[in-house]
Protein chains: 2
Amino acid sequence: MPSEARFDHARIDQLPRSNSEPCGHNHTLETPISPDGTPVLGKRYEVAARGGKAVRLKAGQTIRIINTHGTQVCDTWAFSTANPNEFMSWEHGRAWLSALIPQVGDPLMSNRRRPIMTLTADTSPGIHDTLMAACDLFRYMTLGVEGYHDSCADNLRLAMQAIGAEAPEVPQPFNLWMNIPVNAEMKVDWCPPVSKPGDYVELRAEMDCIVAMSSCPQDIIPINGADCVPVEVHFEVYK
Amino acid sequence: MPSEARFDHARIDQLPRSNSEPCGHNHTLETPISPDGTPVLGKRYEVAARGGKAVRLKAGQTIRIINTHGTQVCDTWAFSTANPNEFMSWEHGRAWLSALIPQVGDPLMSNRRRPIMTLTADTSPGIHDTLMAACDLFRYMTLGVEGYHDSCADNLRLAMQAIGAEAPEVPQPFNLWMNIPVNAEMKVDWCPPVSKPGDYVELRAEMDCIVAMSSCPQDIIPINGADCVPVEVHFEVYK
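Residues numbered from 1 in each chain as written. Chains lettered and ligands numbered in written order. Predicted model: local features only at pLDDT ≥ 70, side-chain atom pairs only at ≥ 80, totals over all residues. Heavy atoms only, no water.

Engineer: So what exactly am I meant to see when it comes to the overall build of chain A here?
Structural biologist: Scanning chain A for helices and strands turns up four helices and ten strands. Order of helices (α) and strands (β) in chain A, N terminus to C terminus: α-β-β-β-β-α-β-β-α-α-β-β-β-β. Here chain A has a C-alpha radius of gyration of 17 Å; the compact-globule value for 239 residues is 18 Å, and the two agree. Taken along the three principal axes of its C-alpha coordinates, chain A extends 50 × 45 × 35 Å. When the 239 residues of chain A are sorted by exposure, 64% land in the buried category. Across chain A, contacts joining residues at least 24 apart in sequence account for 76% of those joining residues at least 6 apart. As displayed, chain A offers around 8,200 Å² of accessible surface, 53% of which is attributable to carbon and sulfur atoms. Where the 20 positive side-chain charges of chain A centre and where its 29 negative ones centre are 5 Å apart. (Helix = DSSP H or I, 4+ residues; strand = E, 2+ residues; numbered from the N terminus. Rg over C-alpha atoms; globule rule 2.2 N^0.38 Å. Buried < 20%, exposed > 50% of the residue type's maximum accessible area, 1.4 Å probe, protein only. Contact = heavy atoms within 4.5 Å. Areas by Shrake-Rupley, 256 points an atom, 1.4 Å probe, with all protein chains shown as cover. Lys, Arg positive; Asp, Glu negative; His and termini not counted. Charge placed at Lys NZ, Arg CZ, Asp CG, Glu CD.)

Engineer: Looking at this structure, how should I read the environment of Met88 of chain B?
Structural biologist: Residues and elements named next belong to chain B. Tracing the chain through its elements places Met88 in the loop between strand S4 (74-80) and helix H2 (90-97). What makes Met88 buried here is its relative accessible area of 2%. Excluding its chain neighbours within four sequence positions, the residues that come into contact with Met88 are Thr76, Trp77, Ala78, Leu108, Met109, Ser110, Ile116, Pro171, Gln172 and Phe174.

Engineer: How do you make sense of the interface of chain B and chain A when you look at a structure like this?
Structural biologist: Accessible area lost on assembly of the parts is the figure often given for the size of an interface. On the side of chain A, 54 residues touch chain B, which itself brings 54 residues to the contact. Taken together, the two surfaces of chain B and chain A that pack against each other cover about 4,800 Å², and 54% of this comes from carbon and sulfur. By the criterion of area lost to chain A, the three top residues of chain B are Arg112, Arg113 and Met186 of chain B, representing 16% of everything that side buries. In this assembly, chain B and chain A are joined by four salt bridges. Mapped by element, the contributors of at least two residues to the side of chain B that touches chain A are helix H1 (9-14), H2, strand S5 (107-109) and helix H3 (137-142) of chain B. In terms of residues, the side of chain B that touches chain A owes the most to one element, H2 of chain B, which gives five residues. When the residues that make up the side of chain B that touches chain A are grouped by side-chain class, the tally is 30 nonpolar, twelve polar and twelve charged. (Buried area = accessible area lost by both parts, 1.4 Å probe. Salt bridge = Lys/Arg side-chain N within 4 Å of Asp/Glu carboxyl O. Nonpolar A, V, L, I, M, F, W, Y, C, P; charged D, E, K, R; others polar.)

Engineer: What should I look at first to understand empty space enclosed by the protein in this one?
Structural biologist: If a probe as big as a water molecule is rolled over the atoms, it shows which places are left empty. According to the stated counting rule, one finds five cavities of 30 Å³ or more in the structure shown. What lines the largest cavity is a set of 47 residues, among which Phe87, Glu169 and Pro171 of chain A together with Phe87 and Glu169 of chain B lie closest to the centre. When contributions to the lining of the largest cavity are tallied by element, the ones reaching two or more residues are helix H2 (90-97) and helix H4 (152-162) of chain A together with H2 and helix H4 (152-162) of chain B. Its residues placed into classes, the lining of the largest cavity shows 23 nonpolar, twelve polar and twelve charged. (1 Å grid on protein atoms, 1.4 Å probe; cavity = no way out; pocket = protein on both sides within 12 Å on 5 of 7 lines; lining within 4 Å. Points joined across faces, edges and corners; volume = space filled by probe spheres on them.)

Engineer: What should I look at first to understand the relation of the copies chain B and chain A in this one?
Structural biologist: The operation relating the pair of chain copies consists of a rotation about an axis and a translation along that axis. After a rotation of 180° and a shift along the axis of 0.0 Å, chain B superposes on chain A with an RMSD of 0.0 Å. Considering both components of the superposition, the chain copies are consistent with a two-fold axis. For chain B, the smallest separation between a C-alpha atom and the rotation axis is recorded for Ala184 of chain B, amounting to 3.6 Å. Both copies contact each other with a shared surface, as 100% of the interface residues of chain B are interface residues in chain A too. (Least-squares fit on C-alpha atoms with pLDDT ≥ 70 in both.)

Engineer: Quick question: what am I supposed to make of the pattern of salt bridges here?
Structural biologist: Note that side chains of opposite charge can pair when their charged atoms are close. Residue and element names in this part refer to chain A. Summed over the entire model, instances satisfying the criterion amount to 22 salt bridges over all chains. With a shortest N-O distance of 2.8 Å, Arg114 and Glu86 are connected by a salt bridge. Within this pair, whereas Arg114 is found in the loop between strand S5 (107-109) and strand S6 (115-122), its partner Glu86 is found in the loop between strand S4 (74-80) and H2, the two being separated by 28 residues in sequence. Look at Arg114 and you get buried, because its relative accessible area is 5%. A residue is classified by how much of its surface remains accessible, and Glu86, at 2% relative accessible area, is buried.

Engineer: Mind showing me how you'd approach the sheet that holds strand S2 (residues 52-57) of chain A here?
Structural biologist: Strand pairing in a sheet relies on backbone hydrogen bonds, with the paired strands running either antiparallel or parallel. Residues and elements named next belong to chain A. Read from one edge to the other, the open sheet built from four strands follows the order S2-S9-S4-S7, with strand pairing classed as antiparallel. The open sheet has two free edges, formed respectively by S2 and strand S7 (174-176), since each of these has just one partner strand. For this sheet the average axis-to-axis angle between neighbouring strands, irrespective of direction, equals 25°. Note: S4 against S7, three bridges, orientation antiparallel. In the strand pairing of S7, Thr76 is matched with Phe174. Where H4 meets the sheet, it contacts S2, S4 and strand S9 (209-215), and its direction lies at approximately 140° from that of S9. (Pairing = 2+ DSSP bridges. Axes fitted to C-alpha atoms, helices over the stretch in contact; angles between N-to-C directions.)

Engineer: Whenever I open this one, the packing of aromatic side chains confuses me. Can you help?
Structural biologist: Any aromatic ring pair is given by two values, namely how distant the centres are and how the planes are angled relative to each other. Residue and element names in this part refer to chain B. Summed over the entire model, instances satisfying the criterion amount to eight aromatic pairs over all chains. Judged by centre distance (5.3 Å) and plane angle (25°), the rings of Tyr45 and Phe235 are stacked. Here Phe235 lies in strand S10 (residues 233-238) and Tyr45 lies in strand S1 (residues 45-47), a separation of 190 residues in the sequence. When its relative accessible area of 7% is taken as the criterion, Tyr45 is described as buried. Owing to a relative accessible area of 0%, Phe235 belongs among the buried residues under this scheme. Ring centres of Trp90 and Phe174 lie 5.0 Å apart, and the angle between their planes is 45°; on these two criteria the pair is classed as tilted. In this pair, Trp90 is assigned in helix H2 and Phe174 in strand S7 (residues 174-176), connecting sequence segments 84 residues apart. Pair check on accessibility: Trp90 and Phe174 agree, each one buried. (Phe/Tyr/Trp six-rings, centres within 6.5 Å; stacked < 30°, edge-to-face > 60°.)

Engineer: Teacher, can you tell me more about H4 of chain A here?
Structural biologist: One turn of the α-helix equals 3.6 residues, which is why residues spaced by three or four share an orientation. Counting buried residues in H4 of chain A gives ten out of eleven residues, a clear majority hidden from the surface. Looking one or two residues beyond H4 of chain A, the residue adopting positive phi is Gly164 of chain A, at roughly 80°.

Engineer: What's the story with unusual backbone geometry in this structure? I'm lost.
Structural biologist: With glycine set apart, most residues show a phi of negative sign, and most peptide bonds adopt trans. Not every positive phi belongs to a glycine, and Arg113 of chain A is a case in point at roughly 60°. As for its position among the elements, Arg113 of chain A is in the loop between S5 and S6.

Engineer: Got a minute to help me understand the sheet that holds strand S10 (residues 233-238) of chain A in this structure?
Structural biologist: Residue and element names in this part refer to chain A. Strand order in the open sheet formed by six strands is S1-S10-S3-S8-S6-S5, and the pairing between neighbours is antiparallel. Only two strands of the sheet have a single partner each, and these edge strands are strand S1 (45-47) and S5. Geometrically, the sheet is characterised by an average inter-axis angle of 30° between neighbouring strands, direction not taken into account. Here S1 runs beside S10; their pairing, made up of three bridges, is antiparallel. Bridged to Val47 within S10 is Val233.

Here is the structure:
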């Protein structure tokens, strides 16, 4: 265990008590795709490097999320429009699938044990992560960051706020293209993505939901490629 | 994917919208260890079969949780007393440890990336689970249960209410003695515990916190031993 000095309890205790409230601010709050998050079907949207976007899907619509440069992890969440306390939940999803990573055709389960989305296509080698929390300011503090640092947790909160919604929690994300191998001793490693430029996944909404995405701003460990440079990803919504 | 008929959407939508509210009721609500959950140090308490208990710990105190019969899974949570939105979080804990299961000496991290407890002793072979959601009524519905069924999620909610507290969410539990092996293809299996009668773990509080435990009421699949009979566990708190 690291020494106690790595935990700045005074600073931690000054940050928001609620898990819905961001610990800081970036461009995400001012750049929704539309005032309420409704997309233009077929239009290509950017999730800028280090930022987040949220988009409203109707049941039956499909979102294609594109790893434009091939090296970028995209943290992804889904919340039911009818009740945001129902969300894509990997502790429930892993149990349903008896697997750590979903494959094409698999339902992505909510915390009410029903499909909120389905993974309908994946042109990448299928290496994604459902084990690791979204990066958050607390994570960057343990890595030595003293000021603010963009984070996937805040990008979720800000992207939801930007379309007039609220994330009730920061659930375990579906970390697209994040490469976390597990060995026989149940230890894990942190590796760069194995996807190639232009790889995409498609997720079909099984209920009306808000999908939030964050282009992971991790630039200290090489989870977004060996050069530690976060870049943008793109998405499109289809009927 | 199972057929759509396994998801009773109408019934799911009638259950509480909040994740803090139980979906039903059992003896847990009427059987706190004391009105506010403060323990008598050194006293042995029972978590009855199919039920839950919550106990307040001061920083530095240790709870010993005993698998009295050796076959029982005990779902365990910890919430900061100062701010229950800070809780033991396995998506953060797995990341901190780069492992799926903690070992003796490991900190058990909160969602604010600091230790909320430490695993200080374990007489069992060390097989526990951090991957699977607490069982909940939704789980039993997918297993064909038509009425109410006790669940770890409701035991958490009721045990917290019983001492005048509230669980803001149902986080991924520390599933003591739950045996979920992961294979090289990242698939998991569901196996009976490998612990023996009287095995215990000790968890030391690193901050004032409420620890909640549920004697898992799963009696349909053999996760609590091959005979599918949930039984009681015990706990004691030490200075």
